[in-house]
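Structural characterization, general
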Amino acid sequence: ALELIERQMGEGRESAAVELRALGVAEAKIDAYFDAMPRRYFTAHTAREIARHALVVLGLAGDRTFSTAVREHGDGGTEFILCTKDVHGLFANVAGTLTAHDLNIASAHVYSMRTGMAVEIYRVSTPPGEADEHREKWRGVEHSLARVLAGELEVRDLLRGRRHPLGRARSPAHYPASVEVDAVLTAMIEA
C-alpha cells in the first residue's frame, strides 16, 4: 500500500509540475511549493487542481494578507481556494464567512504548509443568479474575509447579520454532514 501511495504521489507531483511549467512557472518555485505541502496532498488532488492551487499560493505577494481563486463547475458547485497565513481558528473563520454569505459547504480540504501558510480548498454551492451577481457575491465574501482575517470583524457578528430573502425556502441537506479522518493512513503517509 505504501509503494502504491508513493508512486501516486510521484506521478501527481510530476504531472502537476508539467502543468505549471506550461504556465511559465519557474522550476525553483514549483519545487518550493511542492516541498512545502504535506505528502497526502498529492494523492488527494489531480495535477490540474494542484496547478490551480499553486497559482493561488504563488499569487500571494507584497502586502496582501490572502490570495483566492473561484472556479465554477457546471454541476451547481463552485471551488473556492484560499491561501493565507496559517493561524489558530482559520478554518472556522473561513467556513463561518462562507456560511454568512449563504454558501453551503459541500467539502473542504485544509492544508498547513511547512512555510507557515495555509491552503484551504472549499467546494461550495454556486450562488444563484447570473455571472455579474456571482462576481458581486464573491467580492462581498472577500471583503468580509479581509475584515475577519484582520481581526476587525468577528465571524459570530457576521453570522448574526445573516439574512435569508423572504419567500426563499431553505433546502434540506441531501445527506447527513460527516467528517472522516483516517489517522492511520495519514500517519503512514507523513512518516
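As a starting point, this report considers the structure included with it. (Residues numbered from 1 in each chain as written. Predicted model: local features only at pLDDT ≥ 70, side-chain atom pairs only at ≥ 80, totals over all residues. Heavy atoms only, no water.)

**Things to note about the pattern of salt bridges**
Evaluated as defined, the whole model comprises 11 salt bridges. Linking R123 and D75 is a salt bridge whose minimum nitrogen-to-oxygen distance equals 2.5 Å. Residue R123 is found in strand β4 (residues 117-125), and its partner D75 is found in the loop between β1 (66-72) and β2 (77-85); the two are separated by 48 residues along the sequence. A residue is classified by how much of its surface remains accessible, and R123, at 24% relative accessible area, is partly exposed. Given the relative accessible area of 59%, D75 is considered exposed. (Salt bridge = Lys/Arg side-chain N within 4 Å of Asp/Glu carboxyl O. Helix = DSSP H or I, 4+ residues; strand = E, 2+ residues; numbered from the N terminus. Buried < 20%, exposed > 50% of the residue type's maximum accessible area, 1.4 Å probe, protein only.)

**A closer look at helix α2 (residues 27-36)**
Among the residues of α2, I30, Y33, F34 and A36 are the ones counted as buried. What you see down the axis of α2 is that its buried residues fit within an arc of 165°, all on one side. Check the buried side of α2 and you find it contacts α1 (2-22), α3 (41-44), α4 (47-58) and β3 (105-112). (Arc of directions from axis to C-beta. Contact = heavy atoms within 4.5 Å.)

**Brief notes about the packing of aromatic side chains**
A full pass over the atoms with the stated rule returns 8 aromatic pairs. Here Y41 and F42 contribute two aromatic rings whose centre-to-centre distance is 5.2 Å and whose plane-to-plane angle is 80°, an arrangement assigned as edge-to-face. Its relative accessible area of 0% is what places Y41 among the buried residues. Summarising the aromatic geometry, the rings of F80 and W138 are spaced 5.2 Å apart at their centres and angled 15° between planes, so their arrangement reads as stacked. Pair noted here: F80 is in strand β2 and W138 is in helix α6 (residues 131-149), with a separation of 58 residues, a long-range link. Residue class for F80 comes out buried when judged on its relative accessible area of 0%. (Phe/Tyr/Trp six-rings, centres within 6.5 Å; stacked < 30°, edge-to-face > 60°.)

Keep in mind that these numbers describe shape and distance, not what the molecule does.
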